[in-house]
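# Breakdown of the fold
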Amino acid sequence: MLLRSGAVLLAVTISFFAYTGFQYRSDIKEAYERIESVERKVIETDCGLIEYAESGSGDPVLVIYGIFGGFDQGLLLGKGQVGKGFRLIAPSRFGYLETPLPESPSPAKQADAFACLLNSLDIEKAGIVSTSAGSTSAVQFALRHPDRCSGMVFISPNAPGKVDVSLPPKPLANMVFGSDYLFWFMTEYFNSTVRSMMGVPKDLKLTKEYRAEIARTIETVLPVSPRTEGGIFDMFTSNQAINNYNLEEVTVPSLFIGAKDDPLAAYHNTKNMAKRTPGAELVTLEEGGHMLLGHSDRVEEEIRYFLQNSLTEYSST
């Protein structure tokens, strides 16, 4: 009886992994093809190789995505929360996709790389829209290159202060986020865990529209292995660096947007960061989590108004 039960269990296990293996190969092939289908460039700058993609036309706006993203997530963020009427420029940060991680990387070096990219594109000044982990290098850009920035937008930012998020052991993080299969497996069979990692509140009622938006964002994390170096750098180095910055020295017009129920970027930290940043504006949402679910129209309206005003003020000086 035990032998028969064991044989059944083995057969079920083999069938399960055979099925998941087939599904994984199909999905990951589609993920790599999705990246390859997007028109983007890898250029040599004074700061090294930088991959970037563009969309739209108008005043230039650098879009700086969060952890485990890339130019593709930057474009998704820009189109969804900045909208039309701007020239969206989405670089892959250090260690993401085709932008290499340099020796001794730092948010300051990343900020300088943004300036180098603008130089290569013959852009004197641009707006900056950053989200989550991307906010660290965005602050450095404001501190190191204020003359190159017409205005800064921080969406659910990585802000100074304590957070209720525990980091996994670094070897475990490298294993999970360094494997396309393991991360794909999590998205397929532990979707609630992945949603939690993305900052979706557990008690937020997920509508059909919310689920679709979450799925689109998860799609920009796969394949994860070409994003591993950048993600680990953000997780264990860059995110912590924000606690050492003198925000009182920021001279660039700044807009902060945060939700009170954000489980990743604690709202009280966002509020304090805005308070410490001279002249900053703060837009508060009662719910929506880290992704500000359900507020895309309001967020786009606030960002558009802010960027247009800051660009107008820059043009008149």
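Residues numbered from 1 in each chain as written. Predicted model: local features only at pLDDT ≥ 70, side-chain atom pairs only at ≥ 80, totals over all residues. Heavy atoms only, no water.

This next bit is on the pairing of strand β2 (residues 48-55). One ladder, built from five bridges, connects strand β1 (residues 41-45) with β2; its direction is antiparallel. Each bridged residue has a counterpart across the sheet, and for T45 the counterpart in β2 is G48. Once β1 ends, the chain turns through two residues before running back antiparallel as β2. As paired strands, β2 and strand β4 (residues 86-91) are joined by four bridges and run antiparallel to one another. Of the residues in β4, the one forming a bridge with Y52 is P91. (Pairing = 2+ DSSP bridges. Helix = DSSP H or I, 4+ residues; strand = E, 2+ residues; numbered from the N terminus.)

Looking now at the confidence of the model for the protein. In the predicted model, the protein carries a mean pLDDT of 91, and the fraction of residues at 70 or more is 92%. Predicted confidence for residues 6-16 stays below pLDDT 50, and this span has two contacts to residues more than four positions away or in other chains. (pLDDT = per-residue confidence, 0-100. Contact = heavy atoms within 4.5 Å.)

A few words on the pattern of salt bridges. Within this structure, the stated rule accounts for twelve salt bridges. Across the salt bridge formed by D72 and R34, the nearest N and O atoms sit 3.1 Å from each other. Of this pair, D72 sits in helix α2 (residues 71-81) while R34 sits in helix α1 (residues 2-37), and the two are 38 residues apart along the sequence. R34 shares its class with D72; the two are buried. Linking R276 and E248 is a salt bridge whose minimum nitrogen-to-oxygen distance equals 2.9 Å. Taken together, the positions of R276 in helix α10 (residues 267-276) and E248 in the loop between α9 (228-241) and β7 (254-259) put the pair 28 residues apart, joining distant regions of the chain. We classify R276 as partly exposed; its relative accessible area is 23%. Residues participating in the shared-partner salt-bridge network are R34, D72 and R227. (Salt bridge = Lys/Arg side-chain N within 4 Å of Asp/Glu carboxyl O. Buried < 20%, exposed > 50% of the residue type's maximum accessible area, 1.4 Å probe, protein only.)

Further remarks concern the environment of L307. The topology assignment puts L307 in helix α11 (residues 296-316). Taking C-alpha positions, L307 is 32 Å from V165, a pair spaced 142 residues apart along the chain. Apart from the residues within four sequence positions on either side, L307 is in contact with V61, V82, F86, G127, V129 and V153.

Taken as a whole and judged by the stated rule, the model has one disulfide. The cysteine C149 is free of any disulfide, with C116 supplying the nearest cysteine sulfur at 16 Å. (Disulfide = S-S within 2.5 Å.)

Let us look at a nonpolar patch on the surface. A surface patch of nonpolar side chains, amounting to about 250 Å² of accessible area, comprises L172, M175 and L182. A relative accessible area of 48% means that M175 is categorised as partly exposed. (Patch = residues over 30% accessible without salt bridge, like charges linked within 9 Å, V, L, I, M, F, W, Y side chains within 5 Å. Areas by Shrake-Rupley, 256 points an atom, 1.4 Å probe, with all protein chains shown as cover.)

A word on helix α4 (residues 135-144). In terms of burial, α4 is a largely internal element, eight of the ten residues being buried. Regarding α4, the residues found buried are S135, T136, S137, A138, V139, Q140, F141 and A142. For α4, the elements touching its buried residues are β3 (59-64), α3 (107-120), β5 (126-131), β6 (149-155), α9 and α10.

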